Amino acid sequence: IGIIDDSPATKFTDLFIYHNDFGATRSFSYGDGYYMYLCDNGMIRTDSWYGSETKIEYMKYDPENNSFPIQEVTEEPEPMKFELRPFEDVKLEK
């Protein structure tokens, strides 16, 4: 679930992962002051604000532990832009 705007990268507020056995599962859900971005190398970038200070962290899925540990990066990966549609435009099939 993301924000439709003119930003160069898509801002997400919630991320769901679809598993063949379990279906859609909410993996991340943040409140005010947090955005997530999907990066070109498979990492998830989180931006959070504490007053005027911005904290940026990167996570990547670890299949062995089924987790998203924080990653140290030497070069920041590029957040990507996705076309999002409002919910009223989405038709669900039964």
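Residues numbered from 1 in each chain as written. Predicted model: local features only at pLDDT ≥ 70, side-chain atom pairs only at ≥ 80, totals over all residues. Heavy atoms only, no water.

Remarks on a nonpolar patch on the surface
Filter applied, for reference: Patch members must show over 30% relative accessible area and no salt bridge, and they are joined within 9 Å when carrying like charges or within 5 Å when they are nonpolar side chains of Val, Leu, Ile, Met, Phe, Trp or Tyr. Here, Shrake-Rupley sampling with a 1.4 Å probe gives the accessible areas, and only protein chains in the shown set may cover a residue. For this document, the term salt bridge refers to a Lys or Arg side-chain nitrogen within 4 Å of an Asp or Glu carboxyl oxygen. Secondary structure elements are defined from DSSP: runs of H or I of at least 4 residues count as helices, runs of E of at least 2 residues count as strands, and each element is numbered from the N terminus. Under the scheme applied here, a residue whose accessible area is under 20% of the maximum for its type counts as buried, over 50% as exposed, and between as partly exposed, the area being computed with a 1.4 Å probe on protein chains only.
A surface patch of nonpolar side chains, about 330 Å² in accessible area, is lined by Ile1, Phe16 and Phe87. Following the sequence through the fold, Phe16 ends up in strand 3 (residues 14-19). When its relative accessible area of 41% is taken as the criterion, Phe16 is described as partly exposed.

Structural notes on the environment of Ser67
Which entries qualify depends on this criterion: Note on definitions: a residue-residue contact is assigned when non-hydrogen atoms from the two residues lie within 4.5 Å.
Following the sequence through the fold, Ser67 ends up in the loop between strand 7 (53-59) and strand 8 (70-71). Taking relative accessible area as the criterion, Ser67 reaches 26% and is therefore assigned partly exposed. A sequence separation of 40 residues divides Ser67 from Ser27, and the C-alpha atoms of the two residues are 9.8 Å apart. Among all residues touching Ser67, those that are not within four sequence positions of it are Lys60, Tyr61 and Asp62.

Description of the packing of aromatic side chains
Defined as follows: Ring pairs are drawn from Phe, Tyr and Trp, using the six-membered ring of Trp, whenever the two centres fall within 6.5 Å, and their geometry is named by plane angle: stacked under 30 degrees, edge-to-face over 60, tilted for the rest. Geometrically, a charge over a ring is one whose NZ (Lys) or CZ (Arg) sits within 6 Å of the ring centre while staying within 35 degrees of the ring normal.
A complete count under the given rule lists 3 aromatic pairs for this structure. Aromatic pair Tyr61 and Phe68: ring centres 5.2 Å apart, planes at 50°, arrangement tilted. Above the face of the Tyr35 ring, Lys11 is positioned so that its terminal group lies 5.4 Å from the ring centre. The ring of Tyr37 is capped by Arg45, whose NZ or CZ atom sits 5.1 Å from the centre of that ring.

Observations regarding the pattern of salt bridges
Considering all chains together, one arrives at 3 salt bridges under this definition. For the salt bridge of Arg45 with Asp47, the shortest nitrogen-to-oxygen distance reads 2.8 Å. Assigned by exposure class, Arg45 and Asp47 land together as buried. As a salt-bridge pair, Lys55 and Glu57 come within 3.5 Å of each other at their nearest N and O atoms.

Side note on the side chain of Lys11
This is how the line gets drawn: Think of a polar contact as two N or O atoms within 3.5 Å of one another; within protein, one of them needs to be a possible hydrogen donor and the other a possible acceptor, and neighboring residues in sequence only count if both atoms come from side chains.
Mapped onto the elements of the fold, Lys11 is located in strand 2 (residues 11-12). With a relative accessible area of 16%, Lys11 lands in the buried category. In terms of polar contacts, Lys11 uses its side chain to reach the side chain of Asp5, at 2.9 Å. What Lys11 contacts, discounting residues up to four positions off in sequence, is Gly2, Ile3, Asp5, Tyr35, Met36 and Tyr37.

Geometric descriptors of this kind do not, in isolation, establish any biological role.
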